[in-house]
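The primary structure of each chain is shown beneath.
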Amino acid sequence: MSTNKPIYVTQPYLPPLEEFHDYLRQIWDNKILTNGGPFHQQLEAALCDYLGVEHLALFSNGTIALVTALQAQRITGEVITTPYSFVATAHSLQWNGIKPVFVDIDPITLNLDPAKIEAAITPQTTAIMPVHCYGRPCDVAAIQRIADNYNLKIIYDAAHAFGVRDEGGSVLRHGDLSVLSFHATKVFNTFEGGAIICPDAKTKQRIDHLKNFGFVDEVTVVAAGINGKMSEINAAFGLLQLQYLGQAIARRKEIDAAYRSRLAQVRGIRCLGDGAETAANYSYFPILVGPDYQLVRDELYQLLRDQEIYARRYFFPLITEFPMYRGLPSARSDNLPVAWNAARSVLCLPIYPGLDDADIERVTQLIIQAGASRCEA
Ligand code: T4K
């Protein structure tokens, strides 16, 4: 067992505690704890500014935001989605009584492959739910073309895509709605939290009603809404964290670059996003362990774990391998060969602002040495 400190796949960035006390003091003074209080309103405005979007509704977490986004667009029937994501993507459909139809992913980006979507459309299809996996944008233009041709809605699961931009601005402007997660493990976090990016004020108003039980005023309920509100403590933490986000992302960018340069020469290891034109937000650092590497992915995963380096296999197993989805015809592995292979070769390396250069050295040296070991033997 190593004497080094454990290294996790991620750790939240925590601003100075004393500064959070000021926010807590204000909450204690005005006694508004939730239900769209002042920090909630301020965070919505601050995030619109930061992200470059016009309308945003905060939520208690990303999963409830996804469930509500589907309700807001009145999605029913079948929705085309990716098997290569966190299970909440498909669960949000299931919670709405919608049948997920799984389509394979692109081998370069690991996002939903637009070339495979049309074949999965049936008369019951009402929408597409793609995921900007690891914050790397989907082929939004191709997906939009298909949606336009077949009159489908697009709900982006943008849980990983905080702050990601393309040539036209925020990647979150695409589709009918985009949903963010502010979970503790994300680039920007509010402990738990999430948001829906809305295209106009009317949509935001409907979503605001839906996240507050459907209440419009004291006596009027217009829909069977849910409780998806973000509390003042979470919103206050978000406001404070936003002030430090620039430096946190800058450090993530350095780590990303360090991994890429150190691992560039390792045979059989591919760093996702190498040569990609659109930068992500450095939220994850996925590598693909190919057949040319000396260990299979799970051997490398275990070797790192033995040294208390907790890299994670996001996303293994595929969503389609879980019991509530595996019986669906679209869940068959021969329908999803790219996703199946990616789930068995991916390893997300630790990346977070608190990771220091010695940590990066430790992680990469182990990968380099393990890659060389059997050649020497
Ligand atoms: N859509 C997509 C594409 C998503 O990836 C997610 C969430 C969602 C939707 C749903 O959004 P939310 O409802 O969660 O807002 C984590 C997160 O729980 C989950 O938010 C995230 N995706 C998913 C990819 O990862 P786990 O089970 O891997 O997390 P856990 O607890 O093992 O944490 C990983 C590491 O992070 C730990 O080893 C240590 C560190 N950590 C974690 C927590 C919670 C900390 O240092 N502090 C902490 O408080 O799921």
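Residues numbered from 1 in each chain as written. Predicted model: local features only at pLDDT ≥ 70, side-chain atom pairs only at ≥ 80, totals over all residues. Heavy atoms only, no water.

Colleague: So what's going on with the sheet that holds strand 13 (residues 269-271)? Which residues, and what values?
Modeller: Strand order in the open sheet formed by three strands is 13-14-16, and the pairing between neighbours is antiparallel. Looking at the sheet topology across the chains shown, the edges are occupied by strand 13 and strand 16 (346-349). On average, each strand axis in the sheet is inclined to that of its neighbour by 30°, with strand direction left out of account. Summarising the sheet, strand 13 and strand 14 (residues 285-289) pair through three bridges and their orientation is antiparallel. By the bridge assignment, cysteine 271 is partnered in strand 14 with isoleucine 287. (Pairing = 2+ DSSP bridges. Helix = DSSP H or I, 4+ residues; strand = E, 2+ residues; numbered from the N terminus. Axes fitted to C-alpha atoms, helices over the stretch in contact; angles between N-to-C directions.)

Colleague: Describe the site of the ligand, and please don't skip the residues or the numbers.
Modeller: Within the structure, the ligand sits among 26 residues, and Thr63, Asp157, His160, Ser181 and Tyr314 are positioned closest to it. In the model, a nitrogen atom of the ligand is placed 2.7 Å from a nitrogen or oxygen of the aspartate 157 side chain. A distance of 2.9 Å separates a nitrogen atom of the ligand from a polar side-chain atom of lysine 186. Contact with the protein chains covers 76% of the free accessible surface of the ligand, which is 910 Å². Broken down by element, the shell around the ligand gets its largest block of residues, three residues, from helix 3 (residues 62-72). Tallied by class, the residues present in the shell around the ligand amount to eleven nonpolar, twelve polar and three charged. (Near = heavy atom within 4 Å. Polar contact = N/O pair within 3.5 Å; in protein donor to acceptor, adjacent residues only side chain to side chain. Areas by Shrake-Rupley, 256 points an atom, 1.4 Å probe, with all protein chains shown as cover. Nonpolar A, V, L, I, M, F, W, Y, C, P; charged D, E, K, R; others polar.)

Colleague: Lay out the packing of helix 3 against helix 6 (residues 201-210) in plain terms, naming residues and giving numbers.
Modeller: At a minimum axis separation of 10 Å, helix 3 and helix 6 run at an interaxial angle of 125°. Here helix 6 runs oblique to helix 3, going by the angle between their axes. When you trace helix 3 past helix 6, the crossing you get is right-handed. Touching Thr68, Gln71 and Ala72 of helix 3 are Arg206, Ile207 and Leu210, all from helix 6. Per-class residue counts for the contact of helix 3 with helix 6 are three nonpolar, two polar and one charged. (Parallel < 35°, antiparallel > 145°, perpendicular 65-115°, else oblique. Left-handed = near helix turned anticlockwise from the far one by under 90°. Contact = heavy atoms within 4.5 Å.)

Colleague: So what's going on with the side chain of aspartate 359? Residues and values would help.
Modeller: With respect to the helices and strands, aspartate 359 occurs in helix 10 (residues 357-376). Non-local contacts of aspartate 359, meaning those with residues more than four positions away in its chain, are made with Lys5, Ile7 and Gly354.

Colleague: Describe in detail the domain arrangement of the chain, supporting the description with residues and values.
Modeller: Under the domain assignment used here, the chain contains domain 1 (17-240) and domain 2 (245-376). Centre-to-centre separation of domain 1 and domain 2, based on C-alpha positions: 26 Å. On the side of domain 2, 35 residues touch domain 1, which itself brings 37 residues to the contact. It is Tyr134, Arg136 and Val187 in domain 1 that bury the most area against domain 2; as a group they hold 25% of the surface buried on that side. Where domain 1 meets domain 2, there are zero salt bridges. Where domain 1 touches domain 2, the interface holds 13 residue pairs in polar contact (both at pLDDT 80 or more). Every element with two or more residues in the side of domain 1 that touches domain 2 is listed here: helix 4 (88-94), strand 4 (99-102) and strand 7 (165-166). Among the residues forming the side of domain 1 that touches domain 2, the class breakdown is 22 nonpolar, eight polar and seven charged. (Domains from an automatic or database assignment. Buried area = accessible area lost by both parts, 1.4 Å probe. Salt bridge = Lys/Arg side-chain N within 4 Å of Asp/Glu carboxyl O.)

Colleague: Tell me about the nonpolar core, and name the residues and values.
Modeller: Inside soluble globular proteins, nonpolar side chains tend to come together where they are buried. With 62 residues, the main nonpolar core has Leu47, Ile287, Leu349 and Ile367 as its most contacted residues. Sort the elements by how many residues they give to this core and helix 7 (residues 232-263) lands first, with 13 residues. Both domains that meet at this core, namely domain 1 (17-240) and domain 2 (245-376), each give it at least three residues. Excluding residues that lie within four positions of it along the chain, leucine 349 makes contacts with Val9, Tyr259, Leu263, Phe285, Ile287, Leu304, Ala311, Val363 and Ile367. Residues Val87, Ala90, Leu272 and Val346 belong to the second largest nonpolar core, which totals 25 residues. (Core = buried A, V, L, I, M, F, W, Y, C linked by side-chain atoms within 4.5 Å. Buried < 20%, exposed > 50% of the residue type's maximum accessible area, 1.4 Å probe, protein only.)

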